[in-house]
Amino acid sequence: MAKTTADATGFRLSALAALGILVLSPVLLILYQSFLSGPFFSPLSTLGLDAYVYIFSDPDFYRALGTTVLFALGTIAICMPLGAVLAFLVTRTDLAGRKWLEAVVLVPMFLSAIVLGFGYTVAVGPTGVVTLAFEKIFGPAPWNIYGLSSLILISGLTHVPHVYLYSSAAMRNLPGDLEEAARTSGAGVWTVARHVTWPLIMPALVFSIGLNVMLAFEAFGLPLVLGDPAGVLVLTTYIYKLTTILGVPSYQLMAVVAVVLLAIIFPLVFIQRKLLSRSRRFAAIGGKGARVTRIRLGKSGQLIAWLGIGAWLTISIVFPIGGIAIRAFVDSWGAGVNLLDHLTLNNFEQLFSIGALQRGITNTLLLAVIGGALAVGAYLIIALAGHRWSGAGHTALDYMVLMPRALPGLIIGLAFFWIFLFVPFLQPLRLTLFSLLVAYIIVGLSYGLRLIQATLLQVAPELEESARSAGATIGQTWARIVIPIIRPGLLGAWTMIMIIFLREYATGVYLMTNGTEVIGSLIVSLMASGSLDTIAALALISVVMTTGGLVLANRLGGKIHE
Amino acid sequence: MQTLKITTCAAAFQAMTLAALPAHAQQAPEGYPADYVDLVTAAVGEGEVNVYSPTDSEQAEGLIRGFETAFPGITVKWNDVASGAVYNRVVSEAAAGQVGSDVVWSNGLDLQLQLVEEGFAEPYKSVETAHIPDWAQYKDTAYSTTVEPIVFMYNNTVFQEAVPKNRKELTELMDTKASELNGKFATFDPEKSASAYVVMENDVKNDAGFTTLVDAFGKARGKVYASSGQLREKVLSGEHPFAFNINGAYAKGWAEKSSNLTVVYPEDYTIAASRTAFISKNAPNPNAAKLFLDYMLSKSGQEAVADAGLPSVRSDVSTDNWDSVNKEAGGKLVPIELDAALLEGLQPAKRGEFFRNWKKALNQ
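Residues numbered from 1 in each chain as written. Chains lettered and ligands numbered in written order. Predicted model: local features only at pLDDT ≥ 70, side-chain atom pairs only at ≥ 80, totals over all residues. Heavy atoms only, no water.

1. Description of the nonpolar core
One finds Ile452(A), Phe185(B) and Phe292(B) to be the most contacted residues of the largest nonpolar core, which totals 316 residues. Element by element, the count of residues in this core is highest for helix H11 (residues 189–218) of chain A, at 17 residues. Sequence-distant contacts of Phe185(B), defined by excluding residues within four places in its chain, comprise Phe159(B), Leu170(B), Leu173(B), Met174(B), Phe217(B), Ala220(B), Gly222(B), Lys223(B), His240(B) and Phe242(B). (Core = buried A, V, L, I, M, F, W, Y, C linked by side-chain atoms within 4.5 Å. Buried < 20%, exposed > 50% of the residue type's maximum accessible area, 1.4 Å probe, protein only. Helix = DSSP H or I, 4+ residues; strand = E, 2+ residues; numbered from the N terminus. Contact = heavy atoms within 4.5 Å.)

This is the structure we're talking about:
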């Protein structure tokens, strides 16, 4: 065993160091900022705990913290089981229409949460299209989309794709022979799922729990749109308030909340590591090529599955995307409005007349497609560096990977803005897309890396060991054995990262400049001047394009595999 | 539609060639001092001007084109900087010795003055100052460039009450029908939006009864939102059929697009907010910066911005301007003056007091 790591130590350590610099520089900057009385670059700022005293004596902070914990737990409780079941149905059973479903499942991830929340308002808000239609027929609608419970429900349902993506990548690689064996021994569909499939995909699920907890902690868009009107305050919306409370922007206060968010990941990663400490046991891709045999659901099984999936699709996709689509084509909506009288194409016209938006579309596509590929390359290097590596280095890696996820995108963007501004040799890069790419790579780190790691975990050590004993170096083993095996995982990671980069909005707010505009951040200023009609048109185009791209990628991917 | 576009293009082209002449020949614009030519020459030598502004490029398009047409050889580089990020960007870049902005133009009036006070702006007495009202000038450095009335807006299909015409009527309505109109009112959130805070600060100054209004708003369980975009949709859809402290420059445009929106200029007084511009200290293109600031305040620059929906502070323009807005406001338009009061509003103690009262009223 010692031999498998021996000749890669240099590579592993340099990858770890590079990751350390990338992740820790913004984190340490924020930590330092939290102990100051003003901006870190101001000569008037002094060291002290004033900012901590301010935050920890503010009752709103505790209220926000409590709500955030509830919100995170609730989101997990909903998205985890549903995401895992959905992944199982799509990858392991003969569910009708699964090919089609595969392309559609990810749609809730295509939009930034703020736009998604707005879509819900148009569809099922108090004056939403569905709500008004329901009230016309049945009387007062029994739902209210504002408030903590609706927020949790919607957040849980729209995070199902995150879980799906991770667990389906793992499930796809399961050897069918294990399930087959269980089936021939007389086990039913659900017994197989529980006793055979479940333990094998557990690592992927544990990863996605960790990720989704962090996602919930740093969620901003949904709490702003669905929580704020009901007075539901979470840590991120609390940060929003802090920016103006003292007059000039008080970054030390924001930094304190960011440090609190960072502190949360330590127990989380600790638990995660405990659960996964025996993960080697679950390595499932052995030397023998195994054909996947799909479990037959039967007629009633299909029906039940589709009833559930149909309900989920309606709430998580039809409502929000439908709402956005409607808003894109009308100039008025809501109570007392007949939508057919207000149809218009004007909302799209503006898109093609604004220079910054056109630059924004080009830049966003560049960042997503090419930047996304570069990001996956970087994640692969880090994943390999941590692969079959135990000890302090690996522990550090586990913690560092989740750190950036604890920070809201706005704060990561701000930290990198400062880094590119104040580190002399980085200064020329600040005004290029490169600065955005670096920040984006950090934002996407935990998503992308986890996808690759989860697949790596499933590669049985025998494969590598036999290559090594046949005389291959560790580099050759990775290049010829490991990487080809995890190729589907890499493609999945690239897809995921493209989606994340396309919709990212907060990170660019501080970083973007003339010539490096990105769509997500332009949306922020459109929102400020009220152009939600333009935003809806833009969002709709983006959903259609992303879905199209995904279908295309699936087709191409499918051909590659054959 | 197509022919309309062609004629507009042709007209624009004509205007371009005509306007281009003086700059090419390097003559000072009419009425400007003779040595202005030197400034133009120096600015053309710099070749570009960087503007930081939360005004989105859709609204700035006319201004950008107008300037580039008037002064060929200078490119306008528009930087879409979110309202809350302007101050940070200017201060950080200055601290790093990497100033990227030539002109900073923002609706965060208090923070703009704060930047002037902290020495991040370069004093420049614009050649246009004679045409700019006193309230819109600060220490020959910062200039307010627009008139943006702060108005009521309501949904005329959903809102069935007698429409309140002033704050007193609004207060009475929210107070007497608090339960019936529960959750029907909305306003801009002063806790999340710095410009909403500045407006409310002026409300308190202009209206002794404003705290009663906030109380009544809390009693009627009114809702607050952090962006014009959210407010527009909430009123448009009838979720909250009535809102106050809306930016009327935007609202007027929305009402033109959607027939169920109506704008009301409060008859007791209508605050005129604005956006203020100054030249950055150590600007990379100091001459182009002066030229751009002068152009922003000039007749044609003001008309270009007014055409995009933000009325002019000048009275001698053919577009929407101070006088026309004041007329719509029944002569009760009150500007937010660029003065020390704006800076006082940034004091944490003063804000703390305001927010305590605000929260108390809202959480009753």
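2. Digging into the interface of chain A and chain B
Between chain A and chain B, the contact holds 57 residues from the first and 56 residues from the second. Counting the surface lost from both chain A and chain B, the interface buries some 4700 Å², and carbon and sulfur atoms represent 51% of this. Three residues, Thr244(A), Asn514(A) and Ser529(A), lead the burial of chain A against chain B; their summed loss comes to 11% of the area buried on that side. Summed over the shared surface of chain A and chain B, the result is seven salt bridges. Of the charged contacts in the structure, one is a salt bridge between Asp533(A) and Arg232(B), with a shortest N-O distance of 3.0 Å. Across the contact surface, chain A and chain B share 26 residue pairs in polar contact (both at pLDDT 80 or more). Of all the secondary-structure elements, those providing two or more residues to the side of chain A that touches chain B are helix H6 (113–124), helix H13 (235–245), helix H17 (355–386), helix H19 (409–422), helix H24 (508–511), helix H25 (519–528) and helix H26 (532–561) of chain A. Partitioning the side of chain A that touches chain B into residue classes produces 30 nonpolar, 19 polar and eight charged. (Buried area = accessible area lost by both parts, 1.4 Å probe. Salt bridge = Lys/Arg side-chain N within 4 Å of Asp/Glu carboxyl O. Polar contact = N/O pair within 3.5 Å; in protein donor to acceptor, adjacent residues only side chain to side chain. Nonpolar A, V, L, I, M, F, W, Y, C, P; charged D, E, K, R; others polar.)

3. Overview of the confidence of the model for chain B
Averaged over all residues, the pLDDT of chain B is 91; the fraction at 70 or higher stands at 92%. This model gives residues 1–25 of chain B a pLDDT under 50, and the stretch forms twelve contacts once residues within four places in sequence are excluded. (pLDDT = per-residue confidence, 0-100.)

4. Some remarks on the domain arrangement of chain B
All names here are of chain B. If you check the domain split of chain B, you get domain 1 (2–146 + 274–320) and domain 2 (148–272 + 341–362). Distance from the C-alpha centre of domain 1 to the C-alpha centre of domain 2: 31 Å. Each partner contributes to the interface: domain 1 provides 16 residues, whereas domain 2 provides 13 residues. Taking both partners together, domain 1 and domain 2 bury about 1200 Å²; carbon and sulfur atoms supply 59% of that area. Between domain 1 and domain 2 we count two salt bridges in total. The partner of Lys 252 in a salt bridge is Asp 320, with the nearest N and O atoms 3.1 Å apart. (Domains from an automatic or database assignment.)

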